[in-house]
Amino acid sequence: MDADVIVVGAGLAGLVVGYELAAADRSVIMLDSEPLESIGGQAYWALGGLFMVNSSEQRRLRIHDSEELALADWLGSAAFDRGEDYWPRRWAEAYVNFAAGEQRSWLHGLGVRWFPLVQWAERGGYATPGHGNSVPRFHITWGTGPGLLAPFAGSVMHSRRVRIRCRHQVTSLEVDDSGVRVSGQILEPTDVPRGVQTSRASAGEFSYSAQAVVVATGGIGGNFDLVRQSWPASWGSAPQHMIAGVPDYVDGSGLKITEAAGGRVINLDRMWHYPEGILNHSPVWSHHGIRILAGPSSLWLDARGKRFPVPLFPGFDALGALRHVVGSGYDYSWFVLDQATLAAEIALSGSEQNGDLTAKNLRLLAGRMRPGPTPEVRAFQERGVDFVSAASVLELAAQMNQLVGEHLIDGESLRRVIEARDLQVRSGLGKDPQVVATAAARRFIGDRLMRVVAPHELLDPKDPGTGRAGSGGPLVAIRLHVLTRKTLGGLETDLDGRVLRPDGAALRGVYAVGEVAGFGGGGMHGYRALEGTFLGGCLFTGRVTGRALAASL
C-alpha cells in the first residue's frame, strides 16, 4: 500500500478528512487535478457563511433559536419523499445536531471567528412547516472562505503524514479484496492564477493503492451539459443561457468514476442554482457569474415586467424564484430599485467580492456603515453589463429593452407597478405582502442596521404621473441570470461516509464527503437548502468520515 488512505480532491471536505486522519497518525496521499496554489477548491471563493443554531452570536442579538426549531425548518424545506431518502434524512438530523452543538466550539478552537451580525437567508414566507429559516442563522466567517480553509489547509500542508500530489487527475477507481487502487493522468505543469481553467494535457500516468479512498471531488455546477442532463423534469426545460458560479473543474467527474466502480448515485435531479446571477466584469473561469445577495425591498420582475408572485421576494425562496424564471419562458429576470436601496441592500457573494471581510480589515468594514454601496458593488454598477440606471421610469424601461435587444418592458405598465407599490409604502402600513415583509424584517436589528433600507417611495410624490425618481436617487434595474452552483444529490453514503452499492451494501474501502455525496447520504438537503449548509456539510462529512476511517484502520 502506498498510504493508509487516498483522498481524491483537495477542497474543504477533502482537507478536513486529511486533517482528521493526520491527527490520528494515519498516512494520506491527497490527489487533485489543480495546482497547489488552488488548494481549498471552490470553498476559497465562498463568502464563508455557516448555518449555526442557538449560537452565542444569535443570543447576543436576542434571536431565540433551538435544535428543535432548526430541524423543523430543515425537514419542512427538504420535503423528503423518496425511498432513497433514508440516509439523507439521517445525515440531515445528525447535521442539525452538529450545527446546534459541537460545530462552533470545534471551529472556535481552531481559531475561526465570525462577523457578529447574523444574516437571515432563505426566509421562506410559506405557512409552517414549509421552506425557510424561522430566524437568522447565517454566520459569516471572519476571513470568509479563505479564513475557514486556513486551519485545515495549513495543518495538512505542513503534516508529515500527508503527501499532496497536485496536477493528478483521477480517471479510474478499482476495488478488490486487497484494497483500493486509483489511477489517472499526471497533467502538465501550469502557473495560471487560481480558478482559471487549466490544461488537461497529459505528462504521464500514475497509480496508487491504499486501504481506503475518500472521494471529495465536488459537484457538477461547472459542467453545463451535465446540469442540463440532470435538470428536473418538473422544472420545465433548462435555460439555454446560464452562467457559472463555480470554476470549470467542478465537472462531476468523481461521480462518474465512483459510479463505474460500483457506487450508487441518487437524487442527481435535486440541485441548487440561483436566479440572481450577474456576469462578472472581470471573469476568472468560464461563464463566470456572481450571485447578488439582496435585501427584501427590490421589486422582482420577470422579463416582461410583471412582479413575481408571493412570497418570491429577494432572499425568501431561491429555488421557487428559479422555477418561476424558467417557467416564464425566458432565462433572465430583473430587480428594479433605486440608488438608496442598492446602497443599503445589494451585496455580493464570494470572498473576492467582500474585500473587507476577507482581509479582516476593520477600517474597510466600517465603510459598510457609511452611505453608498461597497466598492465591489460600485465596480459592478460602473463596469458590469447587467446594470442600467435612469432618472425616470420611461428612460429606465428603454434602457432595459436596449440591454436585452427586445421591446418587452412597457414603460407605462412599469410605472403603474411602481406607483402601486409606492402607494402602499406611503400608507405607513399597507397590504402588499412584500411591503409588509420588508417592514417586519426591520424589526431584526441586523437587518435594520445594514441590510434593509428604510421604507421609502421609489418615485417622486411631488411630481405624480411622471415616473420621475424620488429622494432615493436614480432608478436602477439589474438583469439577473440563472447561476449554476450546487449539486444536492450525489453518492449514497451511510453515517460513516461509506459509499453504498445499488443493493445497499457498502462498496468496500470507498468513502465520499462533501458535495459529491450530496453533503451527506446522497442529498441531506432534500429539495431545498437553508443556506450556510454547503460549507457546513463539507466540514461535517469530512469530520465524521475522517474520524470513522481513523478508527477503523
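Chemist: I tried to follow the overall build of the protein on my own but got confused; where do I start?
Modeler: Assigned secondary structure in the protein consists of 18 helices and 20 strands. For 553 residues, the compact-globule formula gives about 24 Å, and the C-alpha radius of gyration of the protein, at 24 Å, lands near that figure. Along the first, second and third principal axes, the C-alpha atoms of the protein reach 80 × 50 × 50 Å. Across the protein, the fraction of contacts at a sequence separation of at least 24, relative to all contacts at a separation of at least 6, is 77%. Looking at the protein as shown, the accessible area adds up to about 20800 Å², and 51% of this sits on carbon and sulfur atoms.

Chemist: I'm lost on the side chain of Asn223 in this one. Help?
Modeler: Locating Asn223 in the fold gives a position in the loop between strand E8 (202-215) and helix H7 (224-230). Contacts of Asn223, omitting those with residues within four sequence positions, involve Val250 and Asp251.

Chemist: Is there a simple way to explain the packing of helix H4 (residues 86-99) against helix H5 (residues 102-109) in this structure?
Modeler: Packed helices, taken two at a time, are described by the angle between their axes plus the distance between the axes. Contact geometry of H4 with H5 gives a least axis separation of 5 Å together with a crossing angle of 55°. As the angle between them shows, H4 and H5 are arranged oblique. Across the interface between the two elements, Tyr95, Phe98 and Ala99 from H4 touch Glu102, Gln103 and Trp106 from H5. In terms of residue class, the contact of H4 with H5 is built from four nonpolar, one polar and one charged.

Chemist: Can you help me understand the nonpolar core in this one?
Modeler: Soluble, globular proteins show a tendency: their nonpolar side chains are buried together. Formed by 126 residues in total, the largest nonpolar core has its most connected members in Leu12, Trp74 and Ile478. Discounting residues that sit within four places of it in the chain, Ile478 has contacts with Ile278, Ile292, Ser333, Trp334, Phe335, Leu337, Leu342, Ile346, Asp386 and Phe387. Counting residues in each nonpolar core, the second largest holds 21 residues, with Trp334, Val336, Ala469 and Leu475 among its members.

Chemist: What should I look at first to understand the pairing of E8 in this one?
Modeler: Along any regular strand, the residues point their side chains to alternate faces of the sheet. Pairing of strand E1 (residues 3-8) with E8, which is carried by five bridges, proceeds in the parallel orientation. In the strand pairing of E8, Val8 is matched with Val215. For E8 and strand E20 (residues 506-512), the ladder comprises three bridges, and the chain directions are parallel. The residue bridging Val213 from the neighbouring strand is Val510, located in E20.

Conventions used here
Residues numbered from 1 in each chain as written. Predicted model: local features only at pLDDT ≥ 70, side-chain atom pairs only at ≥ 80, totals over all residues. Heavy atoms only, no water. Helix = DSSP H or I, 4+ residues; strand = E, 2+ residues; numbered from the N terminus. Rg over C-alpha atoms; globule rule 2.2 N^0.38 Å. Contact = heavy atoms within 4.5 Å. Areas by Shrake-Rupley, 256 points an atom, 1.4 Å probe, with all protein chains shown as cover. Axes fitted to C-alpha atoms, helices over the stretch in contact; angles between N-to-C directions. Parallel < 35°, antiparallel > 145°, perpendicular 65-115°, else oblique. Nonpolar A, V, L, I, M, F, W, Y, C, P; charged D, E, K, R; others polar. Core = buried A, V, L, I, M, F, W, Y, C linked by side-chain atoms within 4.5 Å. Buried < 20%, exposed > 50% of the residue type's maximum accessible area, 1.4 Å probe, protein only. Pairing = 2+ DSSP bridges.

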